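Summary of structural features
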Amino acid sequence: KILNERTALLTLRMRLECSVIRNGTVHGVYNVLNEAVVDRGPSPFLSVVDLMCDSQYLTTLQGDGIIIATPTGSTAYSLAAGGSIVYPSVPAILLTPICAHTLSFRPMILPDS
């Protein structure tokens with residue numbers, strides 16, 4: 001019992017562990033609740049990102065970047081970029097392109113494994 005004989009609900013949420021790696025050196029490791037974004041930064045040129053899942057090639061993204069989101073983050077930046085809304089307890093990872101150069105790359109939902 002918590003809070004003077006009242007019960008409190010606890011909702012577990014998925015998080016992502018993200019590593020920033022430059023030239024083979026880890027510059028930071030972060031745990032994120034909503035999303036991680038890989039974008040072109042201040043560069044005026046398109047980003048070209050090869051997407052892999054479990055060492056298997058998925059596609060090459062040409063655009064402003066990509067959003068890798070948890071179900072909790074599906075209602076944030078990912079939704080604004082055209083991604084799906086995912087219920088928080090669904091074990092999934094969302095991949096949402098940011099202003100993709102081609103119309104063939106649509107948002108994807110992958111299992112969290």
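This one's a predicted model, so the numbers in the text were calculated from it and none came from an experiment. (Residues numbered from 1 in each chain as written. Predicted model: local features only at pLDDT ≥ 70, side-chain atom pairs only at ≥ 80, totals over all residues. Heavy atoms only, no water.)

Below, the discussion takes up the pairing of strand β4 (residues 47-53). Of the strand pairs in this sheet, β4 and strand β5 (residues 56-63) are connected by seven bridges, and their pairing is antiparallel. Bridging across to β5, C53 finds its partner in Q56. Hairpin connection from β4 to β5: two residues lie between these consecutive antiparallel strands, with D54 at a positive phi of about 50°. (Pairing = 2+ DSSP bridges. Helix = DSSP H or I, 4+ residues; strand = E, 2+ residues; numbered from the N terminus.)

With that settled, the discussion passes to the pattern of salt bridges. Taken as a whole, this structure holds one salt bridge when the rule is applied. Linking R40 and D64 is a salt bridge whose minimum nitrogen-to-oxygen distance equals 2.9 Å. Of this pair, R40 sits in the loop between β3 (35-39) and β4 while D64 sits in the loop between β5 and β6 (65-69), placing them 24 residues apart in sequence. Of the residues examined, D64 reaches a relative accessible area of 21% and is grouped as partly exposed. (Salt bridge = Lys/Arg side-chain N within 4 Å of Asp/Glu carboxyl O. Buried < 20%, exposed > 50% of the residue type's maximum accessible area, 1.4 Å probe, protein only.)

Attention now moves to the side chain of T70. Residue placement: T70 occurs in the loop between β6 and α1 (77-80). Excluding residues within four positions of it along the chain, T70 makes contact with M14, R15, L16, V32, L33, N34, A92 and L94. (Contact = heavy atoms within 4.5 Å.)

Membership of the largest hydrophobic core is limited to seven residues, which are V49, L51, L61, I66, L95, F105 and L110. The contacts of I66, once residues within four sequence positions are left out, are A36, V37, V38, L51, L61, L95, T96, P97, I98 and F105. Within the second largest apolar cluster, five residues are counted, among which are I67, A69, L94 and I98. (Core = buried A, V, L, I, M, F, W, Y, C linked by side-chain atoms within 4.5 Å.)

Attention shifts here to the sheet that holds β3. Across a sheet, paired strands are connected by hydrogen bonds in the backbone, their directions being either parallel or antiparallel. The strand order across the open sheet built from four strands is β3-β6-β7-β8, with neighbouring strands paired in antiparallel fashion. One side of each edge strand has no neighbouring strand; the edge strands of this open sheet are β3 and β8 (108-111). Within this sheet the neighbouring strands show an average axis-to-axis angle of 20°, counted without direction. Taken together, the four bridges between strand β7 (residues 92-98) and β8 define a ladder with antiparallel strand orientation. In the strand pairing of β8, A92 is matched with P111. (Axes fitted to C-alpha atoms, helices over the stretch in contact; angles between N-to-C directions.)

Relative to the elements of secondary structure, S74 occurs in the loop between β6 and α1. Dropping the residues within four chain positions of it, S74 is found in contact with L79, S84, I85, V86 and L94.

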